[in-house]
Amino acid sequence: MAKNRLSETVSASTSVPNTEKSKSVYFPNLNGVRFIAAFSVLIHHIEQAKAAFGLPNLYSNHIVKHAGKQGVGLFFVLSGFLITYLLLSEKSKNNTINIKNFYVRRVLRIWPIYYIIVLLGTLVLPHFKLFYWQSAAEVLSNAEAFWPRLSLLMMILPNLSFIFYELPYLCSQTWSIGVEEQFYYLWPWLIRANSWKARFGIIAIFILGTASIFLIYFFFFTNNTIDELPRYVFFFFSQFRIMMMVMGGVGAYLVFTKHSILAFLFQRKVQFVVYGILLIIIISGYEFKGINLELLSVFFCYFIVNVAVNPQSIINLEQSVVSYLGKISYGLYIYHIAINVAIMNLLQPYQHTWSLGVYNLVMYGLTIGLTVAVASLSFHFLEQKLLALKVKFGH
């Protein structure tokens, strides 16, 4: 009985048809989730910039300080959920997964504006006073690291570039794109495989390939000694949040299979309890050493699954403005740091002449307004045209 109710619940709350006629997959509220993630990161970086400029700020507040990594973590879980659901759908329909089409779709979605901000943030914008950032200037002044850093960025390995050479601040947010890309290198092959033996082989190849690139750069393109290797390896794993995306994949599996446990998890009283615990963790700033983000990913996964397919969800994010901002969230994430730095430099003469309230109102208004404008232009005149090409390669 519970399983039948669950099946009806999932079918009623998603537009994920099983017919040959329709190929679209749409979950409600997920643009709202993207909005929450993007604006968490944006506010975190604005307050971080204020701290760097020596202005009164909220960056020391644990909620603001952790908002950035929590926002990125929410992106990771959401990405794992959506990608896994699409892969499971394709495999169920075709009994296989077209890996080539999968990668073409990812390239069209991610690479264009990734390369725009990398090239601008590394080669162009730092030469303009409006985009000056002291630590970024220091990073770029290291001529010895210039080509190794750029080579990793061009290979979509910004997380390795961040670990070995740091990233210019204007494109520092791209480290997470590297983590997502590495997840994509691994995940479709694992979903397509039909045996655990094949999956273990795929994981072994992935580990060997990643380790080889890591060690080549460590030994041949840095001045580090072997004694420092453990520290860099630990740093790599502290940033390599692939398990958060796997948790999103677990949520997708539960939804795709209409697992009976969802009938319990979708109950209103369970939602209140789970969200209450999540709010207590975030507000208190309590951290579970070593597994904090992975633990939070369980809550994020629960949140995403509920708002996506539970018609009894106590949270509704289907608001027009929120949905639109979520739709352009990739651009918001990519462009916001450069815009914030420009606004901070532009307003520097007024930092100590305006009241703090007026300064914050103008600075926040200009940063958010211009970021939304740039992201919107990017989405409508570049990203959307490229997204249209994805139709030729499936979802």
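Every chain is numbered on its own, with residues counted from 1 as its sequence reads. In keeping with the predicted nature of the model, local features appear solely for residues at pLDDT of at least 70, side-chain atom pairs appear and are counted solely at 80 or more, and the whole-chain, interface and lining totals rest on all residues. Only heavy atoms go into the side-chain values, all of them from the structure, while hydrogens and water stay out.

Colleague: Can you tell me about the environment of Tyr185, naming the residues and giving the values?
Modeller: For the purposes of this entry, the term helix denotes a DSSP run of H or I that reaches at least four residues, the term strand denotes a run of E that reaches at least two, and both are numbered from the N terminus. One can find Tyr185 in helix H8 (residues 175–192). Between the C-alpha atoms of Tyr185 and Ile99, which are 86 residues apart in sequence, the distance is 9.8 Å. Residues are treated as being in contact if the distance between any of their heavy atoms lies within 4.5 Å. Setting aside anything within four residues of it in sequence, one finds Tyr185 in contact with Tyr103, Met155, Ile156 and Phe206.

Colleague: Give me unusual backbone geometry: which residues, what numbers.
Modeller: Trans peptide bonds make up most of the peptide bonds, and negative phi angles are found at most residues other than glycine. With a phi close to 75°, Asn29 is a non-glycine residue in the positive phi region. Mapped onto the elements, Asn29 comes out in the loop between helix H1 (2–13) and helix H2 (30–52). Even without being glycine, Asn95 reaches a positive phi, approximately 65°. One can find Asn95 in the loop between helix H3 (62–94) and helix H4 (99–124). Taking relative accessible area as the criterion, Asn95 reaches 64% and is therefore assigned exposed. Burial classes follow relative accessibility: with a 1.4 Å probe on protein chains only, a residue under 20% of its type's maximum area counts as buried, one over 50% as exposed, and anything between as partly exposed.

Colleague: Outline the packing of helix H13 (residues 268–284) against helix H14 (residues 292–309), listing residues and values.
Modeller: Packing of H13 against H14 leaves a shortest axis separation of 11 Å and a crossing angle of 140°. The pairing of H13 with H14 is recorded here as oblique in orientation. The hand of the H13/H14 crossing is left-handed. On H14, the residues that touch Val270, Gln271, Val274, Tyr275, Ile277, Leu278 and Ile281 of H13 are Leu296, Phe299, Phe300, Tyr302, Phe303 and Asn306. As a rule, the C-alpha atoms of each element are fitted with a line to give its axis, helices using only the stretch in contact, and angles between N-to-C directions run from 0 to 180 degrees. Oblique is the label for every angle not falling under 35 degrees (roughly parallel), over 145 degrees (roughly antiparallel), or within 65 to 115 degrees (roughly perpendicular). Rotating anticlockwise by less than a right angle from the far helix to the near helix defines a left-handed crossing, while the corresponding clockwise rotation defines a right-handed one.

Colleague: Provide a residue-level description of the environment of Phe35, including the pertinent values.
Modeller: Structurally, the position occupied by Phe35 is in helix H2. Spatially, the C-alpha atom of Phe35 lies 14 Å from that of Ser376, the residues being 341 residues apart in sequence. Sequence-distant contacts of Phe35, defined by excluding residues within four places in its chain, comprise Val322, Leu325 and Gly326.

Colleague: Can you lay out the nonpolar core for me, pointing to particular residues and giving the numbers?
Modeller: Of all hydrophobic cores here, the largest spans 115 residues; its most connected members are Leu30, Val33, Phe81, Phe164 and Ile304. Once residues within four sequence positions are removed from consideration, Phe81 is found in contact with Phe27, Leu30, Gly248, Gly249, Gly251, Ala252, Val255, Ile304, Val305 and Ala308. Residues belong to a common nonpolar core when they are buried Ala, Val, Leu, Ile, Met, Phe, Trp, Tyr or Cys residues joined through side-chain atoms within 4.5 Å.

Colleague: Give me the pattern of salt bridges: which residues, what numbers.
Modeller: Here a salt bridge means any side-chain nitrogen of Lys or Arg lying within 4 Å of a carboxyl oxygen belonging to Asp or Glu. Scanning the model with the defined rule gives six salt bridges in all. Glu383 is paired through a salt bridge with Arg109; the nearest N and O atoms lie 3.1 Å apart. With Glu383 in helix H17 (residues 356–389) and Arg109 in helix H4, the pair connects residues that are 274 residues apart, well separated along the chain. We note a salt bridge from Arg241 to Glu294, for which the minimum N-O separation is 2.8 Å. Of this pair, Arg241 sits in the loop between helix H10 (229–239) and helix H11 (242–256) while Glu294 sits in helix H14, and the two are 53 residues apart along the sequence. The class of Arg241 is buried, set by a relative accessible area of 16%.

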